[in-house]
Amino acid sequence: MSQDYILETRNLVKEFKGFTAVDDVNLKVERGTIHALIGPNGAGKTTVFNLLTKFLTPTRGQLLFNGRDITKADSAAIARMGVVRSFQISAVFPHLTVLENVRVALQQKRTDSFAFWRSEKVLDGLNERALELLDSVGLREFSHAKAVDLPYGRKRSLEIATTLALDPELLLLDEPTQGMGHEDVSVVAELIKEVGKERTILMVEHNLNVVADLSDTITVLQRGAILTEGDYQAVSADPRVREAYMGVEADETSPAASKMEAVG
Ligand SMILES: Nc1ncnc2c1ncn2[C@@H]1O[C@H](COP(=O)(O)OP(=O)(O)OP(=O)(O)O)[C@@H](O)[C@H]1O
Ligand SMILES: [Mg+2]
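This is a predicted model, so every value here is computed, not measured. (Residues numbered from 1 in each chain as written. Chains lettered and ligands numbered in written order. Predicted model: local features only at pLDDT ≥ 70, side-chain atom pairs only at ≥ 80, totals over all residues. Heavy atoms only, no water.)

Trainee: Can you lay out the environment of T217 for me, pointing to particular residues and giving the numbers?
Mentor: Among the structural elements, T217 can be located in strand 10 (residues 217-222). Sequence separation between T217 and Y232 is 15 residues, and the spatial gap between their C-alpha atoms is 7.2 Å. Residues in contact with T217, not counting those within four places in the same chain, are I34, H35, A36, E229 and G230. (Helix = DSSP H or I, 4+ residues; strand = E, 2+ residues; numbered from the N terminus. Contact = heavy atoms within 4.5 Å.)

Trainee: How would you explain the environment of E128 if you had to name every residue and give the values?
Mentor: Its place among the elements puts E128 in helix 4 (residues 120-136). Spatially, the C-alpha atom of E128 lies 9.7 Å from that of R103, the residues being 25 residues apart in sequence.

Trainee: So, the sheet that holds strand 8 (residues 170-174): which residues are in play, and what are the values?
Mentor: Spatial strand order, 7-8-9-4-10-11: 6 strands in an open sheet with mixed pairing. The open sheet terminates on both sides in strands that have one partner only, identified here as strand 7 (83-86) and strand 11 (225-230). Taking the axes of each pair of neighbouring strands and ignoring which way they run, one obtains an average angle of 20° across the sheet. Across the sheet, helix 5 (residues 152-164) is in contact with strand 7 and strand 8; its angle to strand 7 comes to roughly 165°. (Pairing = 2+ DSSP bridges. Axes fitted to C-alpha atoms, helices over the stretch in contact; angles between N-to-C directions.)

Trainee: Outline the nonpolar core, listing residues and values.
Mentor: Among the nonpolar cores identified, the biggest contains 44 residues, and V102, L158, I192, I201, M203 and I218 are the most heavily contacted of them. Each of domain 1 (1-82 + 168-264) and domain 2 (93-167) accounts for three or more of the residues forming this core. Setting aside chain neighbours within four positions, we find M203 in contact with I34, H35, A36, L37, F49, L173, P176, I192, V210, L214 and S215. Counting 25 residues, the second largest nonpolar core, distinct from the first, contains V22, V48, I70 and A77. (Core = buried A, V, L, I, M, F, W, Y, C linked by side-chain atoms within 4.5 Å. Buried < 20%, exposed > 50% of the residue type's maximum accessible area, 1.4 Å probe, protein only. Domains from an automatic or database assignment.)

Trainee: I'd like to hear about the pairing of strand 11, residue by residue, with values.
Mentor: As paired elements, strand 10 and strand 11 share 5 bridges and run antiparallel to each other. Counted as the bridge partner of Q222 is A225 from strand 11. The hairpin turn running from strand 10 into strand 11, its antiparallel successor, is 2 residues long, and R223 in that turn takes a positive phi close to 45°.

Trainee: I'd like to hear about the site of ligand 1, residue by residue, with values.
Mentor: Of all residues adjacent to ligand 1, which total 13 residues, the nearest are N41, G42, K45, T46 and T47. At 3.1 Å, a backbone N or O of A43 approaches an oxygen atom of ligand 1. Between an oxygen atom of ligand 1 and a side-chain N or O atom of T47, the distance comes to 2.5 Å. Here ligand 1 loses 59% of its free accessible area of 640 Å² to cover by the protein chains. (Near = heavy atom within 4 Å. Polar contact = N/O pair within 3.5 Å; in protein donor to acceptor, adjacent residues only side chain to side chain. Areas by Shrake-Rupley, 256 points an atom, 1.4 Å probe, with all protein chains shown as cover.)

Trainee: Can you explain the side chain of T71? Please cite residues and give values.
Mentor: On the secondary structure map, T71 appears in the loop between strand 6 (68-69) and helix 2 (75-81). Among the polar contacts made by the side chain of T71, one reaches the main-chain amide nitrogen of L63 at a distance of 2.9 Å. A polar contact is formed between the side chain of T71 and the side chain of D69, at a distance of 2.5 Å. Those residues in contact with T71 that sit more than four places away from it in its chain are K54, G61, Q62 and L63.

Trainee: Summarise the pattern of salt bridges; cite the residues concerned and give the values.
Mentor: Under the definition given, this model contains 12 salt bridges. R156 is paired through a salt bridge with E159; the nearest N and O atoms lie 2.6 Å apart. Here R156 pairs with E159, and both are found in helix 5, just 3 residues apart, close to one helical turn. In this structure, K197 and E194 form a salt bridge, with 3.1 Å as the shortest nitrogen-oxygen distance. Relative accessible area serves as the criterion here: at 61%, K197 is assigned to the exposed category. Classification of E194 by relative accessible area gives partly exposed; the value is 41%. Within this structure, D4, R31 and E169 form a network of salt bridges that share partners. (Salt bridge = Lys/Arg side-chain N within 4 Å of Asp/Glu carboxyl O.)

Trainee: Give a detailed account of helix 5, specifying residues and quantitative values.
Mentor: Helix length check: helix 5 (13 residues) gives 19 Å between terminal C-alpha atoms against 18 Å at 1.5 Å per residue, within 8%. Most of helix 5 is tucked away: 11 of the 13 residues are buried. Here helix 5 has its buried residues at G153, K155, R156, S157, L158, E159, I160, A161, T162, T163 and L164. (Expected span 1.5 Å × (residues − 1).)

By themselves, these figures tell us nothing about what the structure is for.
Dropping the structure here:
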């Protein structure tokens, strides 16, 4: 049986004034999996995300979503198809409450049926769905707090809730645990795991413990190109990956090597 890929890139290339940031990338994301894109700083991870959501136009190559060529689609069309990228905290309205933020996101999804929202009943239904979403990210007790007053980790949870409100088929997360303390990392990792049960997730993540814990498949990028791919065990055992991360040949005493081993 052939595998079911929700997303594929074919020979994807992005050049910036002669500099190749993404170099002939053939990425295949299997439906229903959590797929991590990792690699050293400047490897091209964010650029790949920008190409997938058409924030950037590929120099060459193809993008396929559910087998359909979306290379020429614009970012709004791609979002409507169900590819949603979690934006950083700026996507959350700081002076609205947690509940209001999720309601706004839910309403965004239905902007095409304006009159529909005038009925009280529908608005109640909206509240119900918003509270459900807040439950699913562990924020119900914060529903009346202003977004701006939430602790950092909770803001990321809210951000994920507003993304889920759009009911994405494919969720793109760029460094979801960036800048978080240990406790928040666990909360968000648990949330991603939960959310990943019902949809496909492609995430860029630097925290290798999170990557090891969550990912079904890992693609390692280096200088714009795919270095290797596989599950955590295979990828972390690859000497080229250790070298890419450390810039030198791996040895047993180096902290990065022991970090990869500790979780592998
Ligand atoms: N708009 C741009 N113009 C010119 N060069 C760019 C542009 N965007 C990215 N680059 C370059 O492309 C390369 C890849 O950058 P990118 O941000 O995709 O890396 P990354 O893997 O996300 O890194 P990090 O882990 O630091 O977030 C870098 O060398 C970067 O300087
Ligand atoms: Mg980046």
